[in-house]
Structure formats: C-alpha cells, structure tokens
Amino acid sequence: MIGRRGWIGLGTVAALIALWFLLTTVTGIVSGARFPSPAEFWLSLRQIWGRGYAGGQLMSHALHSLKLVAMGFAVAIATGIPLGLWMGWNRKAEAAINPVFLVIRPIPPLAWIPLAILWLGLGDSAKILVIWFSAFVPSVINTFAGVRNIDRPMIEAARMLGTPRWRMVREVIAPAASPLIFTGLRLSLQASWTTLVAAELVGALVGVGFVLNMAQQDLYPGMILVGMVTVGLLGWATTALLGMVERRALSWNMAARD
Amino acid sequence: MNSTPLTWRETMAWSLLGVVLFLGLWSGLTTSGLVPRQFLPPPQEVASRFIQLLTSPFAGATLPQHLGSSFMRYAYGVLLAAAIGVPLGLLMGWFRLLDDIVTPIFDGLRFIAPIAWVPFAALWFGTGIGGPVMIIFAGAFPPCLINAYRGARFVEPRLIEAARMLGTGHTRMILEILLPAAVPSIVAGLRVSAGLGWQSLVGAELIVAAAGVGFMMVQAQGSVQTATVMTGMVAIGIVGMIIDVLLRQGEAWLRRRRGLEA
Amino acid sequence: MGSILFQNVDKVFGPASSGVKALDNINLEIAEKEFVAIVGPSGCGKTTCLRMVAGFEAPSAGLISVSGKKVTEPGPDRAVVFQQFALFPWKTVRENIELGLRNKNLPAGERNTLVGSALKLMNLETHADAFPHQLSGGMQQRVAIARAYVLDPDVLLMDEPFGALDAQTRVVMQEELVRLARVNPRTVLFITHAVEEAVYLADRVAIMTRRPGRIKEILDVRSIRQAENWDRFQKIEDVMDLESFVHLRTHIWKSLREEKGSQSI
C-alpha cells in the first residue's frame, strides 16, 4: 500500500523531525526564543487545547475561522461564477465590466483590509467582506476563461441541436468550463484562507489569526507554531474537501488529467 | 454564444458605459449621503489626495518613496524565490528521488498561508527588511517551484525519448531539453509568483513594517483618513498591474518566438 | 553490425495476470543493412516492436538484440524517426541535427562538416537556421531524418514517419527515402499501415496479426523488385503500376483484411 514514494516521504518527515529535535533540544543551536523545540510545541498545544489561549480553546478559534472562510468563499463563488459565465458568454457585458475589473483586480485582496476595518470594524462582517473581495476575482477570471476556451464546434453542435439558452448554460457551457472553474475555486479557497488569516492578524478578537497575533505579542514561539500548524491543517482539510468535490464533478475528465 | 467579437468602437462604447456607471454609482452613494463621506470619499477626493501624496509626505514619506521601499523588498523576495524555486523545480522534475524527498515537505508547508509566517518574521526580524522579504518569499516560492517542476516533468515524452535516443546525458538533458521545454510554464509561474509576491508584500507591510505602502495604509486607517487608504490601494493596484502587464508582454514575446502563437 | 533479432518476444502491458497482451511470441531476424517493413492493423503492436528495439520499452518475455547485444537503453546506434517528428522547438534546424553529435563529444570542426553534409543530403541548407515551427511537415520530417542519419547509426528505426504528412508530401518523401536507402544503406525497421509504402520501400515485409500481435507472414519483396527491375523507374507511380507490384500489394491487403475480420474500423 505504501509505495516507494510513500516510504521516502515518511523517511524525509522523520529525518526532519529528528533534525528539529537535534537543533533545538539537543544542541541548542536554535534558541527557544526563536523557534520552539518539540517539547515546547507540545506544551503550547496542550495549553490551548485544554485551558485555552487568547480567549478560547483551539477548537473554538479554529471553528470560528473556518466559519468565516466558508461564508466568504460561498458568497464569492455564488457571485463570481455567474458573473464569469455572463462575461464569457456576452461580449457586451465583458466590454462593460472589464475596465472596472481591470482596475479592481490588481489591488491585492489584503489591501482591502484597512478599508474594510474602517467600514465595518473589527468584527466578522469585515472579515467576510475582505474574503469575498479576494476570493471573488479568481472565480470570475477562471470561469470567464473556462467559457471562452470552449471549443467552438461544441457550441455549434449544441445550437444545431436546437438547445435553448438555459439548457445550453447548464448542460453544455458549465460542464465544459468546469475544469477551469474548479481551478478558479481552488485559487479562491487559497485566497480566502490567506485573507482570513491576514485580516485576523491585523484586527480581530477571535480566530486562528488572532491566536497568532497574541502569540507574537507575547513572544511565545511555541504558540506561534501551533497557530501555523492549525492554519496549515485547516487549509489542507478544506482543499482536500474541494478536491473530492472536483473529482466527482470532473470524473469524465479524469482520463485527460496528468 | 455571442461569439462574434465586438468591433473596436463597440468595445470602447460599452467599456465607457461600464466605467461611467461605476463612477456614477460611487459618486451617487457619497453625495446622496447614504454613506458618510469619511467612509467613502467621492472619486474626485481620492484622485486629488492621490496627486497630493505624490509630493507631500504622509507617515514619514511621499507616496513614490513608500512605493520605492515596498518595491525593493518585493524584488528581493521574488528574485530569491525564483533563484531557488526554478532550479529546484527542474531538478525535481528530472530526478525522481529528489521529487520524492522534497514533495512531502512542500505539500506540508503549502497549506500554511504565507501570511501566517508573519509572527515568526516579526519575532526574528522585527521591522527590518528580512521580515517582508521572508513573507514575500513564502508567497512567491510555490508557483516558481511548481511550474518549473511541471514544465520539466510533463515535457512531451517523445522529446525526452528523442533526446535519450541521441545519447543526451543528465546535465545536457536538464539545461538543453527540460529547461527550454519548461520555459512557457516557468514564465507563467513567474507571472503568478510576481502577483502573489506583491500581494504578500502588502500583507506583510500591514503588520510588520515601518515604511512602505502597506504601512502607510495602516497609519491612514488608524487616523480614519479614508482617501489616503484608498490612494494606497490604487497605487498598489497600478504597480501590480504594470508588473503583470510587463510580464505578460514578456510571456507573449516568448510564445511568438517559439511559434506557439501566430 | 546492425542486425536485429527478436527471439520469442512477448509484451504485456499492465499487471502480468490481467494486462493486455500486445505481442505474442515474436520471432524475427533482420540482417545487416536489410530494409524490413512491418505492416498490420491498428493496435497490433508493430510500434511496440520498434519501441523495444529502440530501448523505450522492454519485452515481458524473450530477447531483443541488436548486433548480437541485448537491447537495454536507447542510444544513437539505433536512431529513431518519430511520426510526430519530435524536433526540439527551441532549437534551430542546425541545432536539432547537431545535438546527437555533441553528445558524442565530437569536436566542433567535425560536427560542422557532418551537419553540413546532412543538410545537403536532405535539401535543408537554406533552412539551416530556421525553427521547426517555421517549416512545413515534410521539411520537419526531413530534419528528423537528417538528425538520425548524421549519427551514422547501425540501425534506423522509423515509426510511421510519413503518417503525419499530406499525401503529396508523403510520396516525395518515399521517393527520397528510396534514394537514400539505395545510396547509403543501413538496417532499417519501418513501421507503417500503408501497404503500398511498405512494398515500395522494403526488402521484406512482415505482416502482423491483430492483437495479440504475431508475425503472420513475411514476404520477400527484394527478389521480385530485382527480378522485375523496379529501380529503373524514378517515379513511384510508375512502379505502382507494375503488375508485380500490384500483385504483392493485393496479397498483403487480403492478408490484412482477414485480420480485420469482425473488427470494425
């Protein structure tokens, strides 16, 4: 079951952990003030898991962040995909919307944070707004590209068969564009997490980013690492979930994939 | 599908309409009093603030100066990411063992948003240049690596076979076959990398900087100077766009030269 | 130098128990400087035979040897001309042809001479510094052939080399290949599904069955070609008009038809 690749991977991970242990606990080359030792990491983890840190337990911080990401992501794709489809399909819409997009797009999502805080304060709604901004753009762009890249003959065949507009979108255009749409979704998810963590770092009262912020101010490397690992795990889990959805939706395309 | 492209005139007309509608909506929201002026200044105010900041300083420097220091950190970070990511990616694409070793590490770290490195960056570098560079590196590195890797790994098998048939050794294979074959992918990766790097820069500066555009924006936010915040956003957007356009041109030139585009 | 031997060769793709058997007990001996064409229905494994001689695949059973040595890896002694050309798009014509020589560590002077004569041989002199995408399909294939020829290989492996070309170019290339083969002969293994091409070019034609591929029949074309003096004609259409040619061609067609059997196109 574990192929050669798996064994080498495990070996590498084991080697790294050993190296970590060596550099911190055994030789002290890397001091505890800069990077936590495995023991310190463990202690921090136990603390935040049980007693809590920065106002709550790890679970509640993580779930809160997860909730915000989910909401922001959902709003982003619910608005982004239809817009991308419309722009892809309708050249006039594209021409009208493009300039605005061209201006908004290069503004890094994180750059919206100060404005969002100014408008909505330090609460959840500001975070969701920023997540929406950052996740929105990749969805639109990739959906648009997906529609534009559809083989002309396919559309022509569908028209020849007398396909009405709504069915065309649902059964021809959306599926044909779906590989790129999913690429957009993956980028949107990535953007969502990045933005959420950043927003929570800048100004928040709860969440993994807030934990990171507090840990930094308290000069608590062990907790910083716990925060980072948590961010990583949450990112991995949500991406894996999206991957599962993608595989189901694109099962017809799998043969064409790497 | 409306598959007939619009004429130049039609495109301009519709684009103009879009812009007018957008600006009109914006102005309308402000002047009607629906949104308080201090939260959403009208477009003219943002424009004039922008011009003002070109010469008069805010939070320690003028806008061009802030942009300059931001850009410098950015350049360091991206160049470092490319200098390490591209060669490593190519090597991983060719030597399976290296791939097997590095990929798990990379996969593990990949999900940690670059921004999450900020606390450590702050801890290790304070507000020095190392902090932002590190975060930009974290953001810009993955696309460089991944695209170089994919470019090398997924070269058309026939080309690899032809090269092997011709007796090509490892070094030459990497430098003369994989690298050129991977160039389109690498360049696309650099473009994404440059974009992500620029975004990470902003994030980094929002939190751990004493100069730069992000810093300027945080200061402005603190004193509710919305027009300045928006100026910062526009400036960042413009520079980001210029970087992207330049890289796109480069990419297109390359594709033309290779005959991948008419 | 340059003889090819297939001994009891099997090839299975996928796991041994449940995989697809592509080739079944192939036995074939190709003499030095002999031009052998393999024809057969699609999927019969003829390309796989070539790829195994080239060293891109290994037999599941049996032995493949060239010049008495077992084949393990690809190399310039068994030069390959691919159907899709496989030229390096970022290298000029000259650089494409030169790569194999550089790999042999030949000095620049010698390389230039060899590349020069290859360019001349294949009528590519004016295009020496062009990039592949600037050339037509026929010219690209010429470059591919030049690249192979310049190595002076013992064995030339051609995998449906004219399959991607249009009909007229194809004919021109066939005539050129005949010219090359008569002037500068070496062992050639030529895969094609075009029967006329095989009969025109080859000394012997091996007919394969459909999957799992076996050698059904081997026809000696050379003796007929020499007896009927086909080479007196320059143009391919004149040769193809000859009764002896038609007879051979029809024989092979019929044999292949049997292989199609219930298999739809």
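All residue numbers refer to position in the chain's written sequence, counted from 1. All chains are assigned letters beginning with A, and all ligands numbers beginning with 1, in the order in which they are written. The predicted origin of the model limits local features to residues at a pLDDT of at least 70 and limits the giving and counting of side-chain atom pairs to 80 or more, whereas totals for whole chains, interfaces and linings rest on all residues.

J.: Looking at this structure, how should I read the overall build of chain B?
T.: Counting secondary structure elements, chain B contains 10 helices and 0 strands. A run of H or I in DSSP becomes a helix once it reaches four residues, and a run of E becomes a strand once it reaches two; helices and strands are each numbered from the N terminus. Reading chain B from its N terminus to its C terminus gives the helix and strand order α-α-α-α-α-α-α-α-α-α. Each radius of gyration reported is based on C-alpha atoms, and the globular scaling rule is 2.2 Å times the count of residues to the power 0.38. Taking 262 residues into account, the globule formula puts the C-alpha radius of gyration at 18 Å, and chain B, at 23 Å, lies well above it. Dimensions of chain B along its principal axes, counting C-alpha atoms only, are 75 × 55 × 30 Å. Burial in this document is a count-based property: other C-beta atoms within 10 Å of a residue's C-beta are tallied, and the residue is buried at 20 or more, exposed at 12 or fewer, or partly exposed in between, with C-beta positions derived from the backbone. In chain B, which comprises 262 residues, the proportion classed as buried is 43%. Considering only contacts within chain B whose residues lie at least 6 apart along the sequence, 74% involve residues at least 24 apart. By definition, residues are in contact whenever their C-beta atoms, placed on the basis of the backbone, come within 7 Å of each other.

J.: Which parts of the structure should I look at to understand the interface of chain C and chain B?
T.: Many authors give the size of an interface as the accessible area that is lost as the parts come together. With 20 residues of chain C in contact, the opposing surface of chain B contributes 15 residues. At the level of elements, β6 (78-81) and α2 (93-103) of chain C are the ones that each hand at least two residues to the side of chain C that touches chain B. No other element matches α2 of chain C, which puts 3 residues into the side of chain C that touches chain B. Note that Gly is not counted as nonpolar here; it falls among the polar residues with everything else outside the nonpolar set of Ala, Val, Leu, Ile, Met, Phe, Trp, Tyr, Cys and Pro and the charged set of Asp, Glu, Lys and Arg. The residue inventory of the side of chain C that touches chain B, partitioned by class, reads 13 nonpolar, 6 polar and 1 charged.

J.: For this particular structure, what's the right way to read the domain arrangement of chain C?
T.: Residues and elements named next belong to chain C. Looking at chain C, the domain boundaries give domain 1 (26-77 + 154-265) and domain 2 (87-152). Where each domain begins and ends follows an automated or database-derived domain assignment. Computed from C-alpha atoms alone, the centre-to-centre distance between domain 1 and domain 2 is 25 Å. In this complex, domain 1 contributes 8 residues to the contact, which on the side of domain 2 involves 7 residues. In terms of residues, the side of domain 1 that touches domain 2 owes the most to one element, helix α5 (residues 167-183), which gives 3 residues.

J.: Would you mind going over the environment of L16 of chain B with me for this structure?
T.: Tracing the chain through its elements places L16 of chain B in helix α1 (residues 8-31). On a C-alpha basis, the gap between L16 of chain B and I177 of chain B in space is 47 Å, while along the polypeptide they are 161 residues apart.

J.: Explain the sheet that holds strand β7 (residues 155-159) of chain C here, please?
T.: In a beta sheet, neighbouring strands pair by backbone hydrogen bonds and run either parallel or antiparallel. Residues and elements named next belong to chain C. Ordered by their spatial adjacency, 6 strands build an open sheet running β6-β7-β8-β3-β9-β10, and the pairing between neighbours is mixed. Edge positions in the sheet fall to β6 and β10 (215-220), since each of these pairs with one other strand and no more. Going from strand to strand, the sheet's axes swing by 15 degrees on average, the running direction of each strand aside. Sheet topology note: the strand β9 (residues 204-208)/β10 ladder contains 5 bridges and is antiparallel. By the bridge assignment for β10, V205 is matched with L219. The convention used is that axes are lines fitted to C-alpha atoms, helices contributing only their stretch in contact, and that angles between N-to-C directions extend from 0 to 180 degrees. In the packing of helix α4 (residues 137-149) onto the sheet, the strands contacted are β6 and β7, and the crossing angle to β6 comes to about 180 degrees. Note: two strands are recorded as paired if DSSP finds a minimum of 2 bridges between them.

J.: What's the story with the interface of chain B and chain A in this structure? I'm lost.
T.: With 52 residues of chain B at the contact, the number on the chain A side is 51 residues. When residues in the side of chain B that touches chain A are grouped by element, the largest group, 10 residues, is from helix α10 (residues 226-258) of chain B. In the side of chain B that touches chain A, the residues fall into 37 nonpolar, 12 polar and 3 charged.

J.: What exactly am I supposed to notice about the sheet that holds strand β4 (residues 61-66) of chain C here?
T.: Residues and elements named next belong to chain C. The sheet built from 4 strands is open, its strands ordered β2-β1-β4-β5 with antiparallel pairing. Each edge of the open sheet is held by one strand with a lone partner, namely β2 (20-30) and β5 (69-70). Note: β4 against β5, 2 bridges, orientation antiparallel. The residue of β5 that forms the bridge with V66 is K69. Along the sheet, helix α1 (residues 46-54) contacts β1 (4-13), β2 and β4; its crossing angle with β2, the most-contacted strand, is approximately 65 degrees.

J.: Would you mind going over the arrangement of the chains with me for this structure?
T.: Most contacts, when the 2 pairs of chains in contact are compared, are made between chains A and B. Looking at chain A next to chain C, you find no contact at all, with the nearest C-alpha pair sitting 16 Å apart.

J.: Sorry if this is basic, but what is going on with helix α9 (residues 208-217) of chain A here?
T.: The periodicity of an α-helix, 3.6 residues per turn, causes residues three or four places apart in sequence to face the same way. By the criterion of burial, α9 of chain A is predominantly enclosed, with 8 of the 10 residues buried. Turning to α9 of chain A, its buried residues number three or more, namely V208, G209, F210, V211, L212, N213, A215 and Q216 of chain A. Against α3 (58-89), α8 (165-202) and α10 (221-249) of chain A together with α5 (118-125) of chain B lie the buried residues of α9 of chain A. Looking one or two places after α9 of chain A, you find L219 of chain A, whose phi comes out positive at around 50 degrees.

J.: What should I look at first to understand the nonpolar core in this one?
T.: In globular proteins that are soluble, nonpolar side chains generally tend to be buried together. Ranked by size, the top nonpolar core spans 216 residues in total, and within it V118 of chain B together with V53 and V205 of chain C carry the most contacts. In contact with V53 of chain C, not counting residues within four places along its chain, are I4, I64, V66, V71, R78, L157 and L189 of chain C. Each nonpolar core comprises buried Ala, Val, Leu, Ile, Met, Phe, Trp, Tyr and Cys residues, the members being joined through C-beta atoms within 7 Å.

J.: In this structure, what is going on with the confidence of the model for chain C? I would like to understand it.
T.: Per-residue confidence from the predictor is reported as pLDDT, which spans 0 to 100. Looking at chain C, pLDDT values average 91 and 98% of them are 70 or higher. The ipTM value of the predicted complex is 0.81, and its pTM value is 0.78.

J.: Help me out: how do you make sense of the packing of helix α4 (residues 91-104) of chain A against α1 of chain B in this one?
T.: Working note: a packed helix pair is described by the angle between its axes plus the distance between those axes. At their nearest, the axes of α4 of chain A and α1 of chain B sit 7 Å apart, and the two run at 50 degrees to each other. As the angle between them shows, α4 of chain A and α1 of chain B are arranged oblique. The handedness of the crossing between α4 of chain A and α1 of chain B is right-handed. For the pair α4 of chain A and α1 of chain B, contact is made by K92, A95, A96, I97, N98, P99 and V100 of chain A and by E10, T11, W14, S15, L17, G18, V19 and F22 of chain B, respectively. The class makeup of the residues in the contact of α4 of chain A with α1 of chain B is 9 nonpolar, 4 polar and 2 charged. The cut-offs work like this: below 35 degrees is roughly parallel, past 145 is roughly antiparallel, 65 to 115 is roughly perpendicular, and the gaps in between are oblique. Here a crossing is taken to be left-handed if its near helix is turned anticlockwise relative to the far helix by less than a right angle, and right-handed if that turn runs clockwise.

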